Amino acid sequence: MSQEHDHMSHESKDKRVAIAIWANAILTLAQIAGGIFAGSLALIADALHNFSDMAALVIAFAARKISRRPADAKMTFGYGRIEVVAALINYTSLIIIGLYLIYEGGMRIIDPPEIKGWWVIWLGGIALAVDTLTALLTYSMQKDSVNIRALFLHNLSDALASVAVIIGGALILLYDLRWVDPAITIGIASYILYLGLTEIGGSIRTLMLGSPLNINTDAVILALTRIEGVVDVHHVHCWQMGEHEASLDAHVVIDVDAWDQFEQTKHRLKMALEAEFNIRHSTLEFEHPDHCHQDTKVYGHG
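Cut-offs used in this document
Throughout, residues of each chain are indexed from 1 in the direction in which the sequence is written. In keeping with the predicted nature of the model, local features appear solely for residues at pLDDT of at least 70, side-chain atom pairs appear and are counted solely at 80 or more, and the whole-chain, interface and lining totals rest on all residues. Think of the side-chain values as coming from all heavy atoms in the structure, minus any hydrogens and water. In this scheme, patches are assembled from residues that exceed 30% relative accessible area and form no salt bridge. Like charges are connected within 9 Å, while nonpolar side chains (Val, Leu, Ile, Met, Phe, Trp, Tyr) are connected within 5 Å. We get accessible surface area from the Shrake-Rupley algorithm with a probe of 1.4 Å; when it comes to residues, only the shown protein chains can shield them. Salt bridges are counted wherever a side-chain nitrogen of Lys or Arg sits within 4 Å of a carboxyl oxygen of Asp or Glu. Secondary structure elements are defined from DSSP: runs of H or I of at least 4 residues count as helices, runs of E of at least 2 residues count as strands, and each element is numbered from the N terminus. Only protein chains enter the calculation, and the probe is 1.4 Å; a residue is then buried if its accessible area is under 20% of its type maximum, exposed if over 50%, and partly exposed in between. What makes two strands pair is DSSP finding at least two bridges between them. In this analysis an axis means a line fitted to C-alpha atoms, helices contributing only their contacting stretch, and an angle means the value between N-to-C directions, from 0 to 180 degrees. In what follows, residue pairs with any heavy atoms lying within 4.5 Å of each other are defined as contacts.

1. A short note on a nonpolar patch on the surface
Part 1 of the reasoning: Among the surface-exposed residues, Trp118, Trp122, Leu173, Leu174 and Tyr175 lie close enough to one another that they form a single nonpolar patch of about 670 Å² accessible area.
Part 2 of the reasoning: Where the nonpolar patch is concerned, the elements lending two or more residues are α5 (117-139) and α6 (146-175).
Part 3 of the reasoning: With three residues, α6 is the largest single contributor of residues to the nonpolar patch.
Part 4 of the reasoning: Residue Trp118 is classed as exposed on the basis of its relative accessible area, which comes to 52%.

2. Quick word on the pattern of salt bridges
Part 1 of the reasoning: All chains considered together, the criterion is met by two salt bridges.
Part 2 of the reasoning: The closest approach of N and O atoms between Glu263 and Lys266, which form a salt bridge, is 3.4 Å. With Glu263 and Lys266 both in helix α9 (residues 262-277) and three residues apart, the pair spans about one turn of that helix.
Part 3 of the reasoning: Classification of Lys266 as partly exposed rests on a relative accessible area of 25%.
Part 4 of the reasoning: The shortest N-O distance in the salt bridge between Arg280 and Glu274 comes to 3.6 Å.
Part 5 of the reasoning: For Glu274, a relative accessible area of 38% translates into the label partly exposed.

3. Thoughts on unusual backbone geometry
Residues apart from glycine generally show negative phi values, whereas peptide bonds are mostly found in trans.
Part 1 of the reasoning: Residues other than glycine seldom take positive phi values, yet Leu209 does so here, at roughly 60°.
Part 2 of the reasoning: By secondary structure assignment, the location of Leu209 is in the loop between α7 (180-207) and α8 (217-225).
Part 3 of the reasoning: A positive phi angle, close to 50°, is found at Asp295, a residue other than glycine.
Part 4 of the reasoning: Structurally, the position occupied by Asp295 is in the segment after β3 (281-287).

4. A short note on the sheet that holds β3
Part 1 of the reasoning: Ordered by their spatial adjacency, three strands build an open sheet running β1-β2-β3, and the pairing between neighbours is mixed. Among the strands making up the open sheet, the edge pair consists of β1 (230-240) and β3. Each strand axis lies, on average, 15° off the axis of its neighbour in the sheet, ignoring direction.
Part 2 of the reasoning: In the packing of α8 onto the sheet, contacts are made with β1 and β2 (246-254), and the angle to β1 comes to roughly 145°.
Part 3 of the reasoning: In the packing of α9 onto the sheet, the strands contacted are β1, β2 and β3, and the crossing angle to β3 comes to about 145°.

This is the structure:
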C-alpha cells in the first residue's frame, strides 16, 4: 500500500464508502425490478446478495462515524460495539435470505418459468461493473480495517456471482435451459448461507465477551506468572473491546518480599501484556499473599 493511502483522511475514506453504498443501492433496486420483469430468480438472489453488502457498507460507514464519539457517562466503554451489533443483525438476515432463496430455487427447478435472457445478461453486466467499482473503492482501505477487508472480499465474490448470472442468461438465450436460473440461484444462496454461518460466530463471540481469537489466554496467564514477584494470577477476564482492542482484567497475588515494589511489578506486567499480546488496556487488582482470595478459579469470579 502506498504512503498516500496509509495517510488518507477519515473524510476521504468516508466518501469512498458513501459512493460504494449509493452504487450498490441503485444496483439492488435495478436488479430486483429487472429480476421481477425478466422472471429471473438468479437476478433477485444476486440483488439480495448486493443488498447484504450494501447493508454491511452502511454498517461500516455508520460505525466509522459513531465509533469516533468519546466515551461518556451512558457508554463508558465508548460506541465501538455498535458495529458488532449491526453485523450480527446483518449476518442473521443473510442466513434467512439464503434459506428462502434455496427453497424458492428448488420450487422453480420443479416448474421453471419463462425467463427473458437478455435482461438477465444486461443487468448481470451492470452488477459486475458496480461490484468491480466497489472493490476498487475499498481496496486501498482494507489493510487497516477488518470490516472493510470483509467488504472487499464480499465484493470480489459478488463479481463472480454476477459472472455466473451472465453465463446463465446466455445459456437461457442459446439453449432455453430455464432450469439454469434457479440452479444458479441455489448456488448463490448456498454461498450466502456459507458467509452468514461462518462469519456470525465472530460477532456472537465478541458480544458474549469471549476472548479474542488471536490471543491464547492460557499463554497470557503463564507469561504473567513468570514475572518476578508474581505468585498467582486468578479471576481473569480477557475480551474484545473493539475491532483492534483487546482488554484484560485480573487479580494478581504479589510475593511478600516484592509487596513494597508492586508498582514496578505492575509496570512489568503491563509491558509484557502489550509487548507479547498487544493488550494495551488492562485492569489489575493486586492481593497480598496473607489476604488473597482462597479457592479461586483462574477464569471468572468463581
